[in-house]
Amino acid sequence: MNAFVQPPSVVAFGGGHGLAASLSALRQLTHRLTAIVTVADDGGSSGRLRAEFPILPPGDLRMALAALCGDDQVGRAWAEVLQSRFPGDGPLGGHSIGNLLIAGLWQQLSDPVAGLDMVGAMLHVEGRVLPMAAVPLVIEADVIGADPGSPDEVTTIVGQEAVALATGDIRAIRLHPADPPAVPAALRAVRDADYLVLGPGSWYSSVIPHLLVPELARAICTARGKRILTLNLAPTADETPAYTAARHLEVIAEHAPALRLDAVVADPSFAAGDHHLATYVASLGAKLVLAPVRMRDGTPRHDPHLLASVYAGIMGL
């Protein structure tokens, strides 16, 4: 990249490990990076804090901050502290230190964005981390076959953790509240971005929810920036156990009919033999980018360096 050319402004959407992989790749290309993170987690440490205090679940936000920590001794040390957990079965057992830090700052500042910015400054974060909505959300799913006794009936499953653990075929998801207030800083970041990156990650609990917040979805669909969707490397064991690559695109279109894409990134190992993939990619207005992005150890994890190379090619860097 020419040292005198400003790097692109990029917004990445998601939550958990999928978003962390995307951020680890994108930070190699630009410091003008914003993560917009899901806020529906109701399990583990985040769920406990959310149940006790009227706050956003901090866990996925913490993971995004750790993925963007400064690549120096101070930044790496703080990221390790942020991700560590208290041991034991006591009141603090299982809590992430980072979650408690974020929750404490939110209590002190009464402003989630200001609290996240303060943690980001402490970690020497390159970029910014923002919640996708200003209030905590609940995911609700319609699942066929969740009840083994009635395999053909639709069951409503409530809560991100319950949806992730449900057996059966997820047919649709919704958010409660259905029209939550968006975060103004997140909307501005989307409007100003050169590139918007969706995925990889848990399809129903980390990727699609961004397209169900009405203000945010409109901003994504009408943004001037190019939209990139990164597919997972394999069907996941929980939400999408039998999904082909094409089916991943199909459910995106079902939940966000107005969405059009510019590029869809898929590893050849997942796309192989999927005769419908090219058709679905074209129907969304996108170019299919087939490239190896899997870790070389064979596990279904994205290699940040390979993924960065693919993103650089798409962005002309």
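Our structure's up above, just so we're on the same page.
Residues numbered from 1 in each chain as written. Predicted model: local features only at pLDDT ≥ 70, side-chain atom pairs only at ≥ 80, totals over all residues. Heavy atoms only, no water.

Draft legend 1. Spotlight on the overall build of the protein. Looking only at helices and strands, the protein features 14 helices and ten strands. At 19 Å, the protein has a C-alpha radius of gyration in line with the 20 Å of a compact globule built from 317 residues. Dimensions of the protein, computed from the C-alpha atoms along their principal axes, are close to 60 × 50 × 40 Å. Taking all 317 residues of the protein together, 53% fall into the buried category. The long-range fraction of contacts in the protein, counting pairs at least 24 apart against all pairs at least 6 apart in sequence, stands at 69%. With the model as given, the accessible surface of the protein reaches about 13600 Å², and the carbon-plus-sulfur share is 56%. (Helix = DSSP H or I, 4+ residues; strand = E, 2+ residues; numbered from the N terminus. Rg over C-alpha atoms; globule rule 2.2 N^0.38 Å. Buried < 20%, exposed > 50% of the residue type's maximum accessible area, 1.4 Å probe, protein only. Contact = heavy atoms within 4.5 Å. Areas by Shrake-Rupley, 256 points an atom, 1.4 Å probe, with all protein chains shown as cover.)

Draft legend 2. Region of the structure containing helix H5 (residues 97-109). The first and last C-alpha atoms of H5 sit 18 Å apart over 13 residues, in line with the 18 Å expected at 1.5 Å per residue. Residues of H5 that are buried: Gly 98, Asn 99, Ile 102, Ala 103, Leu 105 and Trp 106. The buried residues of H5 occupy an angular sector of 160 degrees when the element is viewed end-on, so they sit on one face. Among the exposed residues of H5, those oriented more than 90 degrees off its buried face are Gln 107 and Gln 108. Here the buried face of H5 lies against helix H2 (44-52), helix H3 (59-67), helix H4 (73-83) and helix H6 (112-122). Phi for Ser 110, located one or two positions after H5, is positive at around 55 degrees. (Expected span 1.5 Å × (residues − 1). Arc of directions from axis to C-beta.)

Draft legend 3. View of the sheet that holds strand S10 (residues 287-290). Taken together, the seven strands give an open sheet; going across it, the order is S3-S2-S1-S7-S8-S9-S10, and neighbouring strands pair in parallel fashion. Only two strands of the sheet have a single partner each, and these edge strands are strand S3 (128-131) and S10. For this sheet, the mean angle separating the axes of adjacent strands, direction not counted, is 20 degrees. By the bridge criterion, four bridges tie strand S1 (residues 10-14) to strand S7 (residues 195-198) in an arrangement that is parallel. From the neighbouring strand, Ala 12 faces S7, where its bridge partner is Val 197. On the sheet, helix H1 (residues 16-26) packs against S1, strand S2 (33-37) and S7 and is oriented at approximately 165 degrees with respect to S1. Sheet contacts for helix H10 (residues 214-222): S1, S2, S7 and strand S8 (226-230); angle to S8, the most-contacted strand, approximately 110 degrees. (Pairing = 2+ DSSP bridges. Axes fitted to C-alpha atoms, helices over the stretch in contact; angles between N-to-C directions.)

Draft legend 4. Spatial organisation of the environment of Ala 272. Considering the arrangement of structural elements, one finds Ala 272 in the loop between helix H12 (268-271) and helix H13 (277-283). On the basis of relative accessibility, which here comes to 60%, the residue Ala 272 falls in the exposed class. Along the primary structure Ala 272 and Ile 228 are separated by 44 residues, whereas in three dimensions their C-alpha atoms are 20 Å apart.

Draft legend 5. View of the packing of H3 against H4. Packing of H3 against H4 brings their axes to within 9 Å, and their N-to-C directions diverge by 160 degrees. Classified by the angle between their axes, H3 and H4 sit roughly antiparallel to one another. Helix-helix and strand crossings are classified by hand; for H3 and H4 the assignment is left-handed. Judged by residue contacts, Arg 62, Met 63, Leu 65 and Ala 66 of H3 engage Ala 79, Leu 82 and Gln 83 from H4. Of the residues contributing to the contact of H3 with H4, the split by class is five nonpolar, one polar and one charged. (Parallel < 35°, antiparallel > 145°, perpendicular 65-115°, else oblique. Left-handed = near helix turned anticlockwise from the far one by under 90°. Nonpolar A, V, L, I, M, F, W, Y, C, P; charged D, E, K, R; others polar.)

Draft legend 6. Quick look at the packing of aromatic side chains. Going through the model one piece at a time under the given rule, you end up with one aromatic pair. Relative to Tyr 243, the ring of Tyr 204 lies with its centre 6.2 Å away and its plane at 70 degrees, an arrangement referred to as edge-to-face. Of the two residues, Tyr 204 is situated in helix H9 (residues 203-207) and Tyr 243 in the loop between S8 and helix H11 (245-255); the sequence distance between them amounts to 39 residues. Under the relative-accessibility criterion, Tyr 204 is labelled buried at 1%. Tyr 243 gets classed as buried once you look at its relative accessible area, which sits at 8%. It is Arg 247 that lies over the ring of Tyr 243; its NZ or CZ is 5.3 Å from the centre. (Phe/Tyr/Trp six-rings, centres within 6.5 Å; stacked < 30°, edge-to-face > 60°. Lys NZ or Arg CZ within 6 Å of the ring centre and 35° of its normal.)

These figures come from the coordinates and say nothing about function on their own.
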